[in-house]
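These are the residues of each chain, in order.
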Amino acid sequence: MAIDPQNIFAAPDSAWGSPMFPAALENIRRLAAAAGGRVLVTRWLPTADRSTAWGDYFAEWPFADRPADDPLFDLVPGARELSPHPTLDLPTFGKWGAAIGQILGSAPIVLTGVSTDCCVVSTALAAADAGARVTIAADACAGSTAENHAAALTVMGLYPPQLTVSDTATALRILHP
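What comes next concerns the included structure.

**Section: the side chain of serine 166**
Line of reasoning, step 1. In this fold, serine 166 is placed in strand β6 (residues 163-166).
Line of reasoning, step 2. According to the relative accessible area criterion, serine 166 is buried, its value standing at 17%.
Line of reasoning, step 3. Separated by 3.4 Å, the side chains of serine 166 and threonine 170 make a polar contact.
Line of reasoning, step 4. Once residues lying within four places of it in the same chain are set aside, the contact partners of serine 166 are Thr135, Ile136, Ala137 and Ala138.

**Section: the layout of surface pockets**
Line of reasoning, step 1. In this structure, the largest pocket spans a volume of roughly 230 Å³.
Line of reasoning, step 2. With 3 residues, the single largest contributor to the lining of the largest pocket is helix α5 (residues 116-129).

**Here's the deal with the pattern of salt bridges**
Line of reasoning, step 1. Per the stated rule, a full pass over the model turns up 5 salt bridges.
Line of reasoning, step 2. The salt bridge involving glutamate 26 is made with arginine 29; its shortest N-O contact spans 3.3 Å. With a gap of 3 residues between them, glutamate 26 and arginine 29 both fall in helix α2 (residues 21-35), about one helical turn apart.
Line of reasoning, step 3. With a relative accessible area of 46%, glutamate 26 lands in the partly exposed category.
Line of reasoning, step 4. Judged by relative accessible area, which is 30%, arginine 29 ranks as partly exposed.
Line of reasoning, step 5. For the salt bridge of arginine 50 with aspartate 65, the shortest nitrogen-to-oxygen distance reads 2.6 Å. Here aspartate 65 lies in the loop between α3 (53-60) and β3 (88-90) and arginine 50 lies in the loop between β2 (42-44) and α3, a separation of 15 residues in the sequence.
Line of reasoning, step 6. You can call aspartate 65 partly exposed: its relative accessible area is 39%.

**Examining the state of the cysteines**
Line of reasoning, step 1. Taken as a whole, this structure holds 0 disulfides when the rule is applied.
Line of reasoning, step 2. With no disulfide of its own, cysteine 119 lies 4.2 Å from the sulfur of cysteine 118, the closest cysteine sulfur.
Line of reasoning, step 3. For cysteine 119, a relative accessible area of 2% translates into the label buried.
Line of reasoning, step 4. The structure places no disulfide on cysteine 141, whose sulfur is separated from the nearest cysteine sulfur, that of cysteine 119, by 11 Å.
Line of reasoning, step 5. Looking at cysteine 141, the relative accessible area reads 2%, which means it is buried.

**Considerations on the environment of glycine 113**
Line of reasoning, step 1. Inspection of the secondary structure assignment puts glycine 113 in strand β4 (residues 109-114).
Line of reasoning, step 2. What makes glycine 113 buried here is its relative accessible area of 1%.
Line of reasoning, step 3. Taking the C-alpha atoms as reference, glycine 113 lies 9.7 Å from asparagine 27; in sequence the two are 86 residues apart.

**Concerning the sheet that holds strand β1 (residues 2-3)**
Strand pairing in a sheet relies on backbone hydrogen bonds. The paired strands run either parallel or antiparallel.
Line of reasoning, step 1. Taking strand neighbours across the sheet as the criterion, the 4 strands line up as β1-β4-β5-β6 in an open arrangement whose pairing is parallel. Each edge of the sheet is formed by a strand with only one pairing partner; in this case those strands are β1 and β6.
Line of reasoning, step 2. Bridge analysis of strand β5 (residues 134-142) against β6 gives 4 bridges, and the strand direction is parallel. From the neighbouring strand, alanine 137 faces β6, where its bridge partner is serine 166.
Line of reasoning, step 3. Along the sheet face, α2 touches β1, β4 and β5 and points at about 140° away from the line of β5.
Line of reasoning, step 4. Running at roughly 155° to β4, α5 makes contact with β1, β4, β5 and β6 of the sheet.

**Topic: a nonpolar patch on the surface**
Line of reasoning, step 1. A contiguous nonpolar surface patch, about 280 Å² in accessible area, is contributed by Val155, Leu158 and Tyr159.
Line of reasoning, step 2. Given the relative accessible area of 63%, leucine 158 is considered exposed.

**Overview of the pairing of β4**
Line of reasoning, step 1. Among the 6 residues in β4, 6 count as buried, and that is most of the element.
Line of reasoning, step 2. Taking every second residue as pointing to the same face, both faces of β4 are buried, with Ile109, Leu111 and Gly113 on one and Val110, Thr112 and Val114 on the other.
Line of reasoning, step 3. Where β1 lies against β4, 2 bridges are found, and the strand directions are parallel. Its bridge partner lying in β4, isoleucine 3 is registered against glycine 113.
Line of reasoning, step 4. Judged from the 5 bridges that link them, β4 and β5 form a sheet pairing that is parallel. The partner of valine 110 across the bridge, within β5, is threonine 135.
Line of reasoning, step 5. In this region the chain leaves β4, passes through α5 and returns to the parallel neighbour β5; the handedness of that crossover is right-handed.

Calculation rules
- Residues numbered from 1 in each chain as written.
- Predicted model: local features only at pLDDT ≥ 70, side-chain atom pairs only at ≥ 80, totals over all residues.
- Heavy atoms only, no water.
- Helix = DSSP H or I, 4+ residues; strand = E, 2+ residues; numbered from the N terminus.
- Buried < 20%, exposed > 50% of the residue type's maximum accessible area, 1.4 Å probe, protein only.
- Polar contact = N/O pair within 3.5 Å; in protein donor to acceptor, adjacent residues only side chain to side chain.
- Contact = heavy atoms within 4.5 Å.
- 1 Å grid on protein atoms, 1.4 Å probe; cavity = no way out; pocket = protein on both sides within 12 Å on 5 of 7 lines; lining within 4 Å.
- Points joined across faces, edges and corners; volume = space filled by probe spheres on them.
- Salt bridge = Lys/Arg side-chain N within 4 Å of Asp/Glu carboxyl O.
- Disulfide = S-S within 2.5 Å.
- Pairing = 2+ DSSP bridges.
- Axes fitted to C-alpha atoms, helices over the stretch in contact; angles between N-to-C directions.
- Patch = residues over 30% accessible without salt bridge, like charges linked within 9 Å, V, L, I, M, F, W, Y side chains within 5 Å.
- Areas by Shrake-Rupley, 256 points an atom, 1.4 Å probe, with all protein chains shown as cover.
- Right-handed = clockwise from strand over helix to strand, strands pointing away.

This is how it looks when you write it as structure tokens:
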């Protein structure tokens, strides 16, 4: 599963751009190729109800308060081709839900994407609550900073056996035992 490989997280001039994104994307591509058709790509969109706490969020991050069809929210080149399934577009940090369970089934999940310290950790914790077996490929994730990336990995590492923090090499063995 590739969480939010979008321009808003990849662009160096974006307030949410991750310096770790290029290296993570290479590992995401490797994992997606090994997973065959069992890949889902998600996208965060700024379509949440502004009368909720999301209104406060967009007041804090006004650069992201744009129409959902703004190129900033497009997938990075090549990300659409990672999956045969339609992109799952949600206005939430966490992407786990019934749609993912239907597509990916009960097999172990390898989680990748951005940002480790926001959407990845939110998705991983919800997946753990749902009983999924999740391996987080740490080197296929990109945090807002190296420190925040490490902190999120530490938190996710507190949830074994549902969550296991690992790397791309180990995750490749999970996809092809």
